[in-house]
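Structural characterization, general
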Amino acid sequence: MNGFAPSDLQGNYRRPTGITISNTYDINNENGKIYLLVGNSCPWCQRTLLVHKIKNLSKEVEVVFLKADIEHSEWIFNTSFNTKIQGSKRLTDLYKKANKKRIFRATLPLLISCEEDEVNFLSNESSQIIRILNSIKSESKYQPLSIKNCNQKFLNLIHNNINDGVYKCGFARNQSAYEKASKNLFAALNEIENLLKKNKGNWIFGEDLTYADIYLFPTLIRWELIYSKLFKCTEQDLSKYEEIINWRLKFFKISDVDKTCWDNEWKKDYYKALFPLNPNQLIPVLPSLGEIMRLESEKIHKSISKKK
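Notes on the structure in this doc start here. All of these numbers come straight from a predicted model, not from anything done at the bench. (Residues numbered from 1 in each chain as written. Predicted model: local features only at pLDDT ≥ 70, side-chain atom pairs only at ≥ 80, totals over all residues. Heavy atoms only, no water.)

For any two aromatic rings, the description comes down to two numbers: the centre-to-centre distance and the angle of the planes. Under the defined criterion, the tally for this structure stands at 16 aromatic pairs. Each ring, one from W44 and one from Y167, has its centre 6.4 Å from the other, and the planes form 35 degrees; the classification is tilted. Taken together, the positions of W44 in helix α1 (residues 43–54) and Y167 in helix α5 (residues 152–170) put the pair 123 residues apart, joining distant regions of the chain. The exposure classification of W44 matches that of Y167, with both residues buried. Look at Y227 and F231: their rings are 5.1 Å apart centre to centre, the planes differ by 75 degrees, and that puts the pair in the edge-to-face class. The exposure class of F231 is buried, given its relative accessible area of 0%. (Phe/Tyr/Trp six-rings, centres within 6.5 Å; stacked < 30°, edge-to-face > 60°. Helix = DSSP H or I, 4+ residues; strand = E, 2+ residues; numbered from the N terminus. Buried < 20%, exposed > 50% of the residue type's maximum accessible area, 1.4 Å probe, protein only.)

Next comes the structure, spelled out in structure tokens:
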């Protein structure tokens, strides 16, 4: 389990810290070609992809998708990107090339700049990457949605108790650690549900789309397919949170957000790669994400019609 999920002495899952750069860094002054390296199944990668799509940054930042090598538990490049950075067949090769050897493991997402054959790591912390991407001056002719900042304490709540919280449930080493993680996870969901009721807007903080929405979506869009089943997030059914379900559907309908969702890849990678949680590597029979969203939309429309 340590290779997947390091823990503290009490059996609580602890996510390793990543590589960051100075908060004074300005990506708009970067001379090299910018690449965002991601994997389809990773929720932390989806955070960064959401900002990339919402801000229309296809001209400024090239997205490179890596494939999950389940047998060796690492990410591998396709041949087209391997020609741009010589000798990088696996993500671990790239980390070594950039002299980033003292890390827990080579992880995604990863934001880099490349000038000739020199690789400069900018960050592999998704929370920092989304801010860097959001600061880029887009050349797109279309006016992108604005993503605003919000209270850092609330972002920490989402990050620690929900984003990491589902992993703390799934990777808990004992009953006490699991129950603690579950309690904190659903307490945070209750807080968000109440905030959505209070603010009366489309998003968590009302009419403004913020980092809180970006943080929350990748976890909740995987809920029924992955976390409630494989990670034992079962204390409450997500459908009980009507405001959250409504919020999730609105977010899913933002232009191009659906293009960051690959439910078949999620199921394959989670249920086969995390073999300590699923030793037989069986993928359960589940509805498609499109079907889940369609049923939710119909339910919400029926509810609105009844109120009228």
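The structure having been displayed, the exposition proceeds.
To continue, consider unusual backbone geometry. The omega angle of the peptide bond from L108 to P109 is 0 degrees, so this bond is cis rather than trans. The residue P109 is located in the loop between α3 (91–97) and β4 (110–115) in this model. Phi at K200 takes a positive value of approximately 60 degrees, unusual for a residue other than glycine. Unlike most non-glycine residues, Q281 shows phi in positive territory, near 55 degrees. Locating Q281 in the fold gives a position in the loop between α10 (263–273) and α11 (289–307). Take Q281: its relative accessible area is 31%, and that puts it in the partly exposed class.

Grouped together as the largest cluster of nonpolar side chains are 99 residues, with contacts concentrated most on L37, L91, L111, L189, F231 and F251. With ten residues, the top contributor of residues to this core is helix α6 (residues 175–199). Contact partners of L91, with chain neighbours within four places excluded, come to L37, L66, W75, F77, A106, T107, L108 and L110. (Core = buried A, V, L, I, M, F, W, Y, C linked by side-chain atoms within 4.5 Å. Contact = heavy atoms within 4.5 Å.)

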